[in-house]
Each structure stands twice: as structure tokens, then as C-alpha cells.
Amino acid sequence: MNVNETLDSLLMRVEKPARYIGGELHTVVKDPESVATRFAFAFPDMYEIGMSYLGLQIIYHVLNQQEDVACERVFAPATDMEAEMRRVGLPLFTLENKTPLKEMDIVGFTLQYEMSYTNILNMLDLAQIPMLAKDRGEDDPLIGAGGPCACNPEPLADFIDFFMLGDGEESLPELCRIHKEWKAQGGTKEEFLKKIAKLEGVYVPSFYEPQYDESGAIIGMKKLWDEAPDTIKKRVVSDMDTVEAPVHDIVPLISVVHDRAVVEIFRGCTRGCRFCQAGMIYRPIRERSPERIKEIAKSQLADTGYDEMSILSLSSSDYSQIEPLVTDLMCLCRERDAALSLPSLRLDSFSFKVMEEIQGVRKTGLTVAPEAGTQRLRDVINKNITDENIYGAMKQAIELGWTSVKLYFMIGLPTETFEDLDGIADIAANIIELARVHNGGKRGRFNVTVSVSNFVPKPHTLFQWCAQNTREEFEEKHRYLREKIKKVKGATLTYHATDTSHLEAVFARGDRRTGAVMKRAVELGCRFDGWREYFQYDLWMKAFEDTGIKAEDYAFHAGQIGDYLPWDMMDYGVTKKFLISEWNKAQEASTTWDCRHGCTGCGVKRLTECKWEGCLK
Amino acid sequence: MSRYVLKYTKEGYMRYISHLDTAQLFRRAFSRINVRLKHSEGFNPHPKLSFMQPLSLGYSSTGEYLEFETLHPQNLEVLKEKLNGTMPKGVSILAIRPEDGKKAISARVFSASYAVQLKHAGDFDAFKMDMDKFLAQPEILRERKQKTGKIVTQDIRPMVLSVNVVQPEEDITILNLRLTAGSNSTLNPEVFVKCFCDFSGRMYDPELARYCRTEMYLKPEEDEIPII
């Protein structure tokens, strides 16, 4: 039986069989014989998650535009499908041509979050491809990876042949061109890796060996090939107007997490929130022109038939021409009976006006992210939102008839005290009081949800030197907050599982040795760790025990400024010097301005032009 | 008047697209070709599309129907061509005709025909003989669990309108069934096949059975002919 026949015999046995059939509108099915490079874009989570990710649509579009490249998709099969595939011996295949992954030239994984790492290893295994790079032969595909988590690739270094840092729109076609030449010449895999190691943004881990001191601390990277670069600079797309953007998005046949057209309005963020990895690694800010945004939006709506459209960026309100843009997009959507959704909009008078217009009488939830409970701690993390901002926005919301508000906070932030936790409860209580005053002394239906997440220190942020809270500390804080919030009528508290946050911390800042735990965890049956229903903490604990690696050495380790860090070779533009100066300011709760008011000297200008620096001066 | 009935197929991998997702597929297709549908009224307006009997997941069909209303009158040949140009492989529009009956077609559907393909069904003559015996029964009772959990006994014999068994090739048996399908009475062909297997002492293996709906018919007093 071929893949199609075997697949057909399995599909009635699994949930949501359409996850595995392909055939969606705007998919590109090329004749494998007609191309030089068969590239599998691998998303290490379920179809519904992967198909909601704009990066997939971008890379798919960019690669399939290359005449010599065929890009096909593959997702992590759900556990029921995995069991069926293993039962009948069906290897993991691409959706377009139903080609087993092991027959592809390159398999490229996207690294969106640490908790999907086990799915990468499991997908390789399900594809009958050895997990460890050193166990793979010349006939196995090349395994690559890119995306935000490539900023610390070390935990995956033993499994992945090459990583690509930064924006992929330009570097991926370049890499495929090198692949085509190499294939024509008929070289070895090592020869290919040596060629691409010279391409800016590419990291080949097998050319480096981490060095440790007697205590086991990492002290540096030894080059195993002299010509390997000393640092890897991330790639930056400098012009968002000329770079390829997907216009014929693949339209899923089943409902996915975000069932809508999406237009990216800018990349990067100038706010400088100190906990935020995205704010550091996506620098500098690069806006797309309103004309180009509208052009993309228009053709997307027309080509997909979606009835909803959304704009994407790290902080939409910071777009320099947000008001006219939103007005125009609303108009464009109205013409097609489509709704416009505007995530990450700051609550100012403009956004209320817009929400009034797009939501009309229906007032669904309103969300605000103060992140910390007191001004002091907000200054530490450089989250420049004041009490006046919060209460001003809430007063306006209440007057406009909103009855449900969600507040986002982080706990376990560096320097946090119980006073800061009191602050969280106070903010909730004060907002409810505002509603009570407005409604003539009655709370009515008004309610506040306080959503608390556990802080995870991330590489390339100044908090990379900080320890994460221990389980006991988190649990005590959860308990404390529960008691506090219980006393606030109309407020409810939700918080995240501590176990998952700990693992996230281990792999966010892990070194190459942590890969062994991951492999063991996969062997024990761990996968879909980001899904509460599949997460198996006891198996993870066993994996740590079996490999002799201590989770606490990674999660609860507070480093010294001078320490060598596993990701020190990765140059994302922001310099260590800048991070150190930010670290010192954080200790004094002193803030740093938004760099649109003047350059703050982060260092990204060494890599590329920074057009928006000081534009608000 | 811009009410229409459309006949389409759902084959290949498209069998795995659910009823709700098929509705979404058509809504988006209409939007892509810029044909505006009439919206329902009320708090949460949505485009009006009405399907006949839902098709079970995994069944293919060469005779599916959809009723819709557009804001503006359509040239049906152009509409058909445009829709076919924007459909995924496996769904094709066979015909479209105007509809002016007062009652929605979905409410007037009475029966449907199916082609059920069975692999390794054993000796063909024995199969046919068993089928004759099966159908000669005055009543065919089966137990059915209601939504409430209550188990009721149901006679499916009146729901079986015609059965014709053929063997187009070695080891393939095809049952051409006409079963009731409508608001009053609906029989799923798989239920029929399972009851037959129970009756004749055969094992039912869903992996060896393929179901295809081939046509849908309106009430006999109106027309014993296909909708289109």
C-alpha cells in the first residue's frame, strides 16, 4: 500500500481526520521531479496551531516562489493518529505530495516555544529519521531549525544540523540556492554544512564544542573547524515593503485557532520591556507602509474569503499611522462583510472609539496587561504604564458599558515582594470600585479576572542572569494571591501550572547537555508538553533522574554578569553591554525611554539601519 | 427572486471534511468570488446557506445539495464556473437552478440513494439470497440509544425503499440503496448494513466498507425525481 492508501485506511479511526489530508485552497503541489530542493516546513505542534501561524504562510509562499524549490508542510500528528501510524508503520509524511519526510532534502522546524521541543524529536522518530544528528547518514534529509527560540539553539544542538537566526525571507532562498549547487556537484553533507556556515545567520552546531570547567559550568565554545564563524549574526529584513508577503494564504478546510486573514504591520518593538525576549530579538522596528498593508489586506480578503481580518505586530498602537490605518482597514472590511480584530491595542481614547465602532453593542472581554502590581516593580521591568493609565482606561471602559475586564500579571519577577502582590489585588479592587461608583453604589454584573503567569527568565534579555522562583515560592505566591483576591467581590484569579514554567525555564536557558533529558523524555512518552492534557511531569522528572541532569541547575540558577552563556555566540544586535546597563538600571527601578524618543544604544545599529530611532523626538 | 439550489460532489479526501466545515467552505467560496449572500436577521447575522441531510464524515457524495439566497440575481452558468474555479479538489459544482417554492428544499427532502461498496463480502449468490431473506421480514427491529440515553426499539423496514445488489468485479459487492432521508425519517446506510450483517451472521468491518451518497429526492407526492 502507498501512503495515500494506508492513510485512507486510518483516517476514520482518528479525531479530525482533515488535519492529515492537505488539499486546502492555495496549497502548492509541485512535481518532485521538477525541483532541485524538496523542503518540508515542519511545525512541531498540531495542524490547528501551525495553520494559525503567519510565519508558515510567509515561508511557504517565499520558498514556493522559487522555481527550483518545493515547500511542503508537515505538522505533529495528534496522539491518536501517532498511535495508528506506529501501529501500521506509516512514516510521517508531507501533506502536499504525501511524501515520507525521510525522502525530503531538507526538513526545517520552526521553534516557536520551548514546550514544543519534544514534538520535534518525536516527529523525527515518527518519520523513521534518527533523532541524533550524528546517527544520521548521507541519505537522511538535512534537518534545520529557525524561529525565535533559535536565539538559544543549544538544547537542540545534538539533533539539528543547522539553525537559521533572524528573519527567514531572504536567507532561506539563499540556503536553497546553495543546496541546489551542492546537490548538482554531489558533495557530502559536511561539505554542504561548511558552505552554509558561511551564510550570514546560519549556525552549524557540529562545528563547535562547548567547554566546561571542573564545576561543570560552561566557559566557552571551541571551534572544531577553523573557518566556522566566531559569532552568528541574525538576519534582518530591512524593508517590509519590498520583502515578499503572502497574499494567497492557504485556507484551512477545518477551523483552526485563528481563522482569519492576518497582515503584519511592523516588526520589532521600541518599548524595551525588560522581561520581553521578543522586544529584544526582533529589533530594530521596521514598519510596513500603510499602502502596502492595505494592498496585502485587500488581496488577502479577496483570495481567502475570510470573514475576519487581523493586524499583527508586537504593539499595534505604536504604529506611526495607526489611526488612519485602522480607519481605512475598517472601511475595507466593511465592503466585504468582514470583521476587523485589533489585538495588542493600547487602551486610549482612539482604541475605545474604534472598539465602539467594530463591536457595536456587543461588548466582549477587555484586556489590560499591567504585568506587575506596583509602580516600583513596573519600573524595574520597564513596563511604562502608570496607575493613571490603568484607571483612566478602566473608567472609560466602564462608562462605555463594558462589564468584564481581564488583567494580565506576571509573578516571580526579579525584586518582587509581597507588596507587589498586594498591588495586584489592589488594582482589581480599585477597578471594581470604579464600576461600583459609576453604577450608583452597585457592582452589578461587573467582574474582573486576574490572570497570573509565572515569570520565565529568557536569553537575550537582561533577566537572563536571574533565577526563576522555585515551586515553593510560586505556590506560596499563588496561595497568597488566592486569599487576597477571594476578599475582592467580583474578582477571580487564574494562574498557570508551575511545572510547565519550570521546564520552559530549563530549555530557554539550557546548554547542550539538556538535549539528553529531552531525548529521554521523548523515549518515555513525553510530547505536546504545552498541552495541559498531555503534559506528564512525572515522566519528565524520571528523564532528569535517568540522565543525571538537574533541572534546578538551569531554572533556579542566578548567573554572574561575567559568566559565559550558552547563547553568547548568537548576535541578535542587542549587546551585552546594553543588557548590563539595563540590568543596573533595573536594580534601581530606573526606567529607560522608548527609543523612538532617542536611541538608547542597544547595539542593533551594528547589524542594520534603524530608521525609526528618535522619530518621536 | 435570487434563491437557488446547487448540486455538488464531495469526493476523495474531501470526505473527511465535516458538515459544518463544508458550510464554511461554501461561505468563503462565495466571498472569494464576490457574490454576497443574504444574511440572517438578528443579533448575530450570518450568511444564509442551508444544506439538505448532513453527510456523515467519511462518506463521499455525487449528489449533495445546498440552498442559498444572494443579494443580487446571478447568471447561473457564470456562477457555476466561478465557484468551480475556487473549490478545492474533490468538490465540484454540477448544476445550479433557481428555486421559488415556498418551503425550503431541505424540509421537502424525502429519500436518498447510496452506493455502498463492500470488500471481501464472500460468495455473491449467498449474499444475495441472505439479502432477499433479510428484506422479506415483515419488520426489521434494531435498538437505538436516544440522546437522553433511553434505549428504544425501532423498525427500519419501512425506511428501506429499495435495494439492489451487484458484483462489478471479483470480491467487490455493491449495494444500491434507496433509504428515507428527511425530517420525519432518516436511515443511515451504515445502520442498514450493520443490521444486515447481524441478521446474516457476517462480521461488519467498517474499514472494508465505502459509502457514497448518489442522489437526493423530494417527497414522492411532489416528484419522485432527483432535486436537480
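What you see is a predicted model, and the numbers here were worked out from it, not measured in a lab. (Residues numbered from 1 in each chain as written. Chains lettered and ligands numbered in written order. Predicted model: local features only at pLDDT ≥ 70, side-chain atom pairs only at ≥ 80, totals over all residues. Heavy atoms only, no water.)

## Topic: the environment of A:V3
Residue and element names in this part refer to chain A.
And step 1. Here V3 lies in helix 1 (residues 3-10).
And step 2. What makes V3 buried here is its relative accessible area of 14%.
And step 3. Excluding anything up to four places from it in sequence, V3 contacts L90, F93, K98 and P100. (Helix = DSSP H or I, 4+ residues; strand = E, 2+ residues; numbered from the N terminus. Buried < 20%, exposed > 50% of the residue type's maximum accessible area, 1.4 Å probe, protein only. Contact = heavy atoms within 4.5 Å.)

## Regarding unusual backbone geometry
It is generally the case that most residues other than glycine have a negative phi and that most peptide bonds are trans.
All names here are of chain A.
And step 1. The omega torsion across R283 and P284 is -5°, close enough to zero to call that bond cis.
And step 2. Here P284 shows up in the loop between helix 8 (277-281) and strand 12 (286-287).
And step 3. We note that Q128 has phi near 60°; this positive angle belongs to a residue other than glycine.
And step 4. In this fold, Q128 is placed in the loop between helix 5 (117-126) and strand 4 (142-146).
And step 5. On the basis of relative accessibility, which here comes to 41%, the residue Q128 falls in the partly exposed class.

## Points about the domain arrangement of chain A
Residues and elements named next belong to chain A.
And step 1. For chain A, the domain assignment lists domain 1 (3-166 + 168-233) and domain 2 (238-360).
And step 2. Between domain 1 and domain 2, the C-alpha centre-to-centre distance is 28 Å.
And step 3. The interface is formed by 26 residues belonging to domain 1 together with 23 residues belonging to domain 2.
And step 4. Note on domain 1 versus domain 2: buried area summed over both sides is about 2100 Å², and carbon and sulfur give 67% of it.
And step 5. Together, H26, L54 and Q57 form the three largest contributors to the area buried by domain 1 at its contact with domain 2, with a combined 26%. (Domains from an automatic or database assignment. Buried area = accessible area lost by both parts, 1.4 Å probe.)

## Looking at the interface of chain A and chain B
And step 1. Taken residue by residue, the interface counts 30 residues in chain A and 21 residues in chain B.
And step 2. Contact between chain A and chain B buries roughly 2200 Å² in total, counting both sides, with carbon and sulfur atoms accounting for 49%.
And step 3. Interface area lost by chain A to chain B is led by A:D8, A:L25 and A:L253, which between them contribute 24%.
And step 4. Across the contact surface, chain A and chain B share five salt bridges. (Salt bridge = Lys/Arg side-chain N within 4 Å of Asp/Glu carboxyl O.)

## Details of the packing of aromatic side chains
And step 1. Going through the model one piece at a time under the given rule, you end up with 30 aromatic pairs over all chains.
And step 2. Between B:F134 and B:F196, the ring centres sit 5.5 Å apart and the planes meet at 70°, which makes this aromatic pair edge-to-face. Placement of the pair is B:F134 in helix 4 (residues 124-136) and B:F196 in helix 5 (residues 189-200), with a sequence separation of 62 residues. For the pair formed by B:F134 and B:F196, the shared burial category is buried.
And step 3. By the ring-pair criterion, three or more aromatic residues cluster together here, those being B:F127, B:F134, B:F192, B:F196 and B:F199.
And step 4. Lying over the aromatic face of A:Y60, A:R73 brings its terminal NZ or CZ to 5.7 Å of the ring centre. (Phe/Tyr/Trp six-rings, centres within 6.5 Å; stacked < 30°, edge-to-face > 60°. Lys NZ or Arg CZ within 6 Å of the ring centre and 35° of its normal.)

## Quick notes on the environment of A:D241
Residues and elements named next belong to chain A.
And step 1. Tracing the sequence through the fold places D241 in the loop between strand 9 (232-233) and strand 10 (261-264).
And step 2. With a relative accessible area of 28%, D241 lands in the partly exposed category.
And step 3. As a C-alpha pair, D241 and S289 span 48 residues in sequence and 6.6 Å in three-dimensional space.
And step 4. Among all residues touching D241, those that are not within four sequence positions of it are R288, S289 and R292.
And step 5. A distance of 2.9 Å separates a polar side-chain atom of D241 from the backbone nitrogen of S289. (Polar contact = N/O pair within 3.5 Å; in protein donor to acceptor, adjacent residues only side chain to side chain.)

## Considerations on the domain arrangement of chain B
A common way to report how large an interface is uses the accessible area buried once the components associate.
All names here are of chain B.
And step 1. Assigned domains of chain B: these are domain 1 (3-100) and domain 2 (108-218).
And step 2. Centre-to-centre separation of domain 1 and domain 2, based on C-alpha positions: 28 Å.
And step 3. Taken together, the contact between domain 1 and domain 2 spans 15 residues of the former and 16 residues of the latter.
And step 4. When the two sides are added together, the surface that domain 1 and domain 2 hide from each other amounts to roughly 1200 Å², 44% of it contributed by carbon and sulfur.
And step 5. Inspection of the region where domain 1 meets domain 2 yields three salt bridges.

## Focus: the side chain of A:N454
All names here are of chain A.
And step 1. By the element assignment, N454 lies in strand 17 (residues 447-454).
And step 2. Separated by 3.5 Å, the side chain of N454 and the backbone oxygen of H496 make a polar contact.
And step 3. Beyond its immediate chain neighbours, meaning those up to four positions away, N454 contacts I411, F474, H478, H496, A497, T498 and S501.

## Regarding the pattern of salt bridges
And step 1. Taken as a whole and assessed by the stated rule, the structure comprises 62 salt bridges over all chains.
And step 2. For A:D125, the salt bridge identified is with A:R86, shortest N-O distance 3.1 Å. Here A:D125 is found in helix 5, whereas its partner A:R86 is found in helix 4 (residues 79-88), with 39 residues between them in sequence.
And step 3. Among the residues examined, A:D125 registers a relative accessible area of 33% and is labelled partly exposed.
And step 4. Measuring nitrogen to oxygen at the nearest pair gives 2.8 Å for the salt bridge that ties B:D130 to B:R202.

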